[in-house]
Amino acid sequence: MKKIAIIRRNGLGDFIAGTVPLCNFLIDKYNGDVKFYFFMSSRNIGIAKYFFPDSEIFLIPDGNKYFAHFTTALKYKSIFPDMGVIPVPEYSKLSSIFMKLLGAREIYGNVEDSIFAKCIINHPCTIYNDKPYEKYHVSLRTLNLLEPSFSSTPRKYYPQFKKEQISDFTLKDMSKSPYVMVEISNNRDYCQLSIEKTARIINRFYETFEFTTLITGKPQDSAKATKLKALLNTNSEFHITNNLDEFIAYVNKSTYVLAGDGGLGHIAGALGKRLVCLYGVAHVERWGVLGENVIHLCDPSDVNNISDDEILNALCKIQL
């Protein structure tokens, strides 16, 4: 069995879009005879089990990043992985030292930006050194670490949740399906539609067929949820989910999703939901949701500059 260590400390989208396709490729390459050891942060440690329930998952603690990485690597050195992979987006210097301390025999990663990485990574990838990396999807750049021949990400490696890992979520009114989910909280302000714009679009969408609106957001945005509910013509529910497991279960209840670039979009795409995902500033080519039923819309500065008609038309397309 191939023992593969992967370090992935960033957000949920980084793992879903940038790491899951690689793992699916490795499962295919080694005919399923692999064992993954994920080293993750408190931001994303709960997501891996939904894709690879047989993996082992370890926390790199918060705090001083050098101390946390060095002590974690030494603590689990007995794993002695056959392979260590540093997915994109990477922190080549620190991650390569981590893999060396962990004892990975073969280390795969990009080496452009770090002298340390160039000395440690014994399977370096340099094919993107002279390319504008924004134009290449994170999944492809990570896949190219092990398979340089890929020019696009094969659909068979797209992320898909193991649905049996998802718990149920009880809505207040189960009789009003289908469900359209919108968000009122996004870590990137330029990827968050205003309350007024969201209400206008959802109300116009409601003119085409009946549905219930599911609103998701952070606790500090409860007032925004109340305002949105008052502006909507649809039945609506707002839930503050207490943890990642509950959030995924809530998203799984949706039929259609309108989201900005971020965790909700990537989760919805991997759940197979019909999704319109909005991008401001970020490059869709690099961060687009990998899914079968996704429409991406973008504006170079702010998603609120995308016209109501364009967003509504996209929603109508995924509804067909």
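This text follows the structure it describes.
Residues numbered from 1 in each chain as written. Predicted model: local features only at pLDDT ≥ 70, side-chain atom pairs only at ≥ 80, totals over all residues. Heavy atoms only, no water.

Caption draft 1: The arrangement of the packing of helix α3 (residues 65-75) against helix α4 (residues 92-102) in detail. Contact pair α3 / α4: the axes reach a minimum separation of 8 Å and the direction vectors enclose 25°. With respect to α4, the element α3 is oriented roughly parallel. You can see that α3 and α4 cross each other, and the crossing is right-handed. Contact with α3, carried on its side by Lys65, Tyr66, His69, Phe70, Thr72, Ala73 and Leu74, involves Lys93, Leu94, Ile97, Phe98, Leu101 and Leu102 of α4 and no other residues of that element. By residue class, the composition of the contact of α3 with α4 is 9 nonpolar, 2 polar and 2 charged. (Axes fitted to C-alpha atoms, helices over the stretch in contact; angles between N-to-C directions. Helix = DSSP H or I, 4+ residues; strand = E, 2+ residues; numbered from the N terminus. Parallel < 35°, antiparallel > 145°, perpendicular 65-115°, else oblique. Left-handed = near helix turned anticlockwise from the far one by under 90°. Contact = heavy atoms within 4.5 Å. Nonpolar A, V, L, I, M, F, W, Y, C, P; charged D, E, K, R; others polar.)

Caption draft 2: View of the sheet that holds strand β11 (residues 274-280). Pairing within the open sheet is parallel, and its 6 strands lie in the order β9-β8-β7-β10-β11-β12. The sheet terminates laterally at β9 (235-239) and β12 (294-299), the two strands that pair on one side only. Along the sheet, successive strands turn relative to each other by an average axial angle of 15°, direction set aside. Where strand β8 (residues 212-216) and β9 come together, 5 bridges link them in parallel fashion. Paired with isoleucine 215 across the strands is phenylalanine 238, a residue of β9. (Pairing = 2+ DSSP bridges.)

Caption draft 3: View of the packing of helix α7 (residues 195-206) against helix α8 (residues 222-231). Where α7 contacts α8, the two axes come as close as 9 Å, and the packing angle between them is 35°. Where α7 crosses over α8, the two elements pack in a sense that is right-handed. Across the interface between the two elements, Ile195, Glu196, Thr198, Ala199 and Asn203 of α7 pack against Lys224, Lys227, Leu228 and Leu231 of α8. Counted by class, the contact of α7 with α8 contains 4 nonpolar, 2 polar and 3 charged residues.

Caption draft 4: Main features of the nonpolar core. Judged by nonpolar contacts, the single largest core of 56 residues is most densely connected at Ile47, Phe51 and Phe161. Those residues within four positions of phenylalanine 161 in sequence are excluded, and the remaining contacts are Ile47, Tyr50, Phe51, Ile166, Ile248, Ile267, Ala270 and Leu271. Membership of the second largest hydrophobic core comes to 28 residues, among which are Val180, Ala199, Phe238 and Leu297. (Core = buried A, V, L, I, M, F, W, Y, C linked by side-chain atoms within 4.5 Å. Buried < 20%, exposed > 50% of the residue type's maximum accessible area, 1.4 Å probe, protein only.)

Caption draft 5: Molecular detail of the side chain of asparagine 10. Following the sequence through the fold, asparagine 10 ends up in the loop between β1 (2-8) and α1 (12-18). According to the relative accessible area criterion, asparagine 10 is buried, its value standing at 11%. Looking at asparagine 10, its side chain comes within polar contact range of the side chain of aspartate 14, at 3.3 Å. Asparagine 10 has contacts with Ser41, Arg43, Asn44, Pro89 and Tyr91, leaving out every residue within four places of it along the chain. (Polar contact = N/O pair within 3.5 Å; in protein donor to acceptor, adjacent residues only side chain to side chain.)

Caption draft 6: Main features of the environment of leucine 102. As for its placement among the helices and strands, leucine 102 is situated in helix α4. On the basis of relative accessibility, which here comes to 0%, the residue leucine 102 falls in the buried class. Taking the C-alpha atoms as reference points, leucine 102 and threonine 72, separated by 30 residues in sequence, lie 8.4 Å from one another. When sequence neighbours within four positions are dropped, the list of residues in contact with leucine 102 reads Ala5, Phe39, Ala73, Tyr76, Lys77, Phe80 and Pro81.

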